[in-house]
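# Tertiary structure, described
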Amino acid sequence: MDKMKNHFLQLLFLDGRHFSGNISRMVPAMAAILLSLVSVSCSGPSSGTATSGNDLPVKVEPALIHDLGNEHFGNAVFRHGRKSFRIAASGNRILEFPVQVNAPVTEVVPAGSGRYNNGACAFDINGDGIDEMIVGRNNKEEGTDLLWFEEVPGNTLWNEHLIASVKSEKGDAEKGFHDIMPFETRVSGSVVRGVAVVASRKRLFWYQIPDDPTQLWIEHKIADLTRHEAEHAQSGLAAGDITANGCQDLVCGNFWAECPENPLTGKWIINRYSNWDRKRIPAYPGVPEWVMNERFGGMNQLDLGDLDGDGKIDIVASEAEIPDARLGVFCRDKGNPRTLWKETVIDTSIYCPHSLVVTDVNNDMRPDILVGEMTAGGWYFPRNSSPHLYLYLNLGNLKFRKYILHTGWGIHMMRKAELPEDESVFVFAADEIQPWYEDMTTLLVGWKITAQD
């Protein structure tokens, strides 16, 4: 592991040597970061007062990892590869990159008959110490395949394995898996592993890894949220022990699902924590009328953490798909745990924040919030000329101070890379591309965020 870490640090954008061969591309990025440092702003009911760039609590090092051109790559995951740390991006095919500025690219899964879904994750499925990639692919009229891809020694191309085929149902407006994440819990003292998924922005499943992971995985249906008064689309997925009983509960959209003591046979309890999906959005110039009839408050990005310091897990949510979006923290009422959670709105002015990471950026033992804006939302909303990476610094007592960490790169499905023995936070994303804009391009970007001394 130390060898892998040292190799990563040699590749990462930590000193000026990496900028010399790519200076024309990095100048705009550096200009953007300098601009952002003097453009610190604050808005929203719970944000602190505005501060100057000199008060920025972290050092931010942005890096353009790869310019993907006009090909769509809506998602990227971090994985431990056979050689080193890697980022794999999925779209019509799957590409892989070392974590460095202007990274070389390797095609590991060629384009085929289908397109890969928004959701993806990576973890070690077969116990070989190497992370595999799990992703959905639409290639059938009747449904979507959930797949895992295995890196094989000596081969550039990965081996494909089928987990399950999930059929579409009547009334599905969207096929496939918007969210996929690892799922792990204990049953009778033994660890049970698999993946949890959100299908068609309404149905929750988890798939258990069998003794032979190359065979079809065991399907466990958690819930159809439309049968729990979810009248509108629900997406976003996060996992954590909300009830503090040792089980992995799940949060999706405006709901949380309480894991039974035995998730192999037990029934999940579905609870609503928020009513965000019941709010209409205002009209925007040029946006089709059918978009105005949607309810976007259930289509969220989600993360968990103890934001108020009471020792209990809170839910952090951003309205991922719309301009003038809300960012909020939800705290569970211990006296009445099945009612709506107490809502604290932090901001109401973010453009399509389809990226949300809760992490401690300044090493003060309080979880902070990182939020990224897209360049263009997926519902024909007006474009964003200056997408931001925001930091909401946790001041305690559910008070936050808002900073602009970077300006100029759209951010979609941002993720945190877990680097051993590294106190910095490294987040990355594949910028989204919308096909109706001929000038849009997809960028694979990252930021190293380090607490100021």
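Everything numeric in this text was worked out from a predicted model, so none of it was measured.

With respect to burial, strand 3 (residues 85–91) is a largely interior element, 7 of its 7 residues being buried. Residue alternation in strand 3 divides its side chains into two sets, Phe-85, Ile-87, Ala-89 and Gly-91 and Arg-86, Ala-88 and Ser-90, and both sets are buried. Two strands pair when backbone bridges link them, and strand 2 (residues 73–80) and strand 3 are joined in this way by 7 bridges, in the antiparallel orientation. Considered in strand 3, the bridge of Arg-79 is made with Arg-86. Taken together, strand 2 and the strand that follows it, strand 3, pair antiparallel across an intervening segment of 4 residues. Across 5 bridges, the pairing between strand 3 and strand 4 (residues 94–98) is antiparallel. Paired with Ile-87 across the strands is Phe-97, a residue of strand 4. Linking strand 3 back to strand 4 in an antiparallel pair, the connection comprises 2 residues.

Inspection of the entire model under this criterion finds 14 salt bridges. Residue Asp-364 pairs with Arg-366 through a salt bridge whose shortest N-O separation is 3.8 Å. In this structure Asp-364 comes out as partly exposed when scored by relative accessible area, which is 28%. Judged by its relative accessible area of 35%, Arg-366 falls in the partly exposed class. Notably, a salt bridge pairs Arg-383 with Asp-439, separated by 3.0 Å at the nearest N-O pair. With a gap of 56 residues between them, Arg-383 in the loop between strand 23 (368–372) and strand 24 (388–396) and Asp-439 in the loop between strand 27 (425–430) and strand 28 (443–451) connect regions that are remote in the sequence. The exposure class of Arg-383 is partly exposed, given its relative accessible area of 38%. Overlapping salt bridges, with partners in common, bring together Glu-71, Arg-93 and Glu-107 in one network.

Another aspect to go through is the side chain of His-161. With respect to the helices and strands, the residue His-161 is situated in strand 9 (residues 159–167). The exposure class assigned to His-161 is buried, which follows from its relative accessible area of 13%. Once you skip the residues sitting within four places of it in the chain, His-161 turns out to touch Leu-146, Leu-147, Trp-148, Glu-150 and Thr-214.

Glancing now at empty space enclosed by the protein. In this approach the atoms are scanned with a rolling probe the size of a water molecule, which exposes any empty space left behind. Taken as a whole and assessed by the stated rule, the structure comprises 1 cavity of 30 Å³ or more. There is about 50 Å³ of room inside the largest cavity. As for the largest cavity, its lining consists of Gly-143, Thr-144, Val-166, Lys-167, Ser-168, Lys-175, Gly-176, Phe-177, Ala-199, Ser-200 and Arg-203.

When its volume is computed, the largest pocket comes out at roughly 1,200 Å³. Along the walls of the largest pocket sit 48 residues, with Glu-174, His-178, Arg-201, Gly-378 and Trp-379 positioned nearest its centre. With 4 residues, the top contributor of residues to the lining of the largest pocket is strand 6 (residues 115–123). In terms of residue class, the lining of the largest pocket is built from 15 nonpolar, 21 polar and 12 charged. Of the pockets and cavities examined, the second largest pocket occupies roughly 990 Å³. If you trace the second largest pocket, you find 31 residues lining it, with Met-181, Pro-182, Arg-415, Lys-416 and Glu-418 closest to the centre. Tallying contributions element by element places strand 6 first for the lining of the second largest pocket, with 5 residues. A class-by-class count of the residues in the lining of the second largest pocket yields 20 nonpolar, 4 polar and 7 charged.

Analysis parameters
- Residues numbered from 1 in each chain as written.
- Predicted model: local features only at pLDDT ≥ 70, side-chain atom pairs only at ≥ 80, totals over all residues.
- Heavy atoms only, no water.
- Buried < 20%, exposed > 50% of the residue type's maximum accessible area, 1.4 Å probe, protein only.
- Helix = DSSP H or I, 4+ residues; strand = E, 2+ residues; numbered from the N terminus.
- Pairing = 2+ DSSP bridges.
- Salt bridge = Lys/Arg side-chain N within 4 Å of Asp/Glu carboxyl O.
- Contact = heavy atoms within 4.5 Å.
- 1 Å grid on protein atoms, 1.4 Å probe; cavity = no way out; pocket = protein on both sides within 12 Å on 5 of 7 lines; lining within 4 Å.
- Points joined across faces, edges and corners; volume = space filled by probe spheres on them.
- Nonpolar A, V, L, I, M, F, W, Y, C, P; charged D, E, K, R; others polar.

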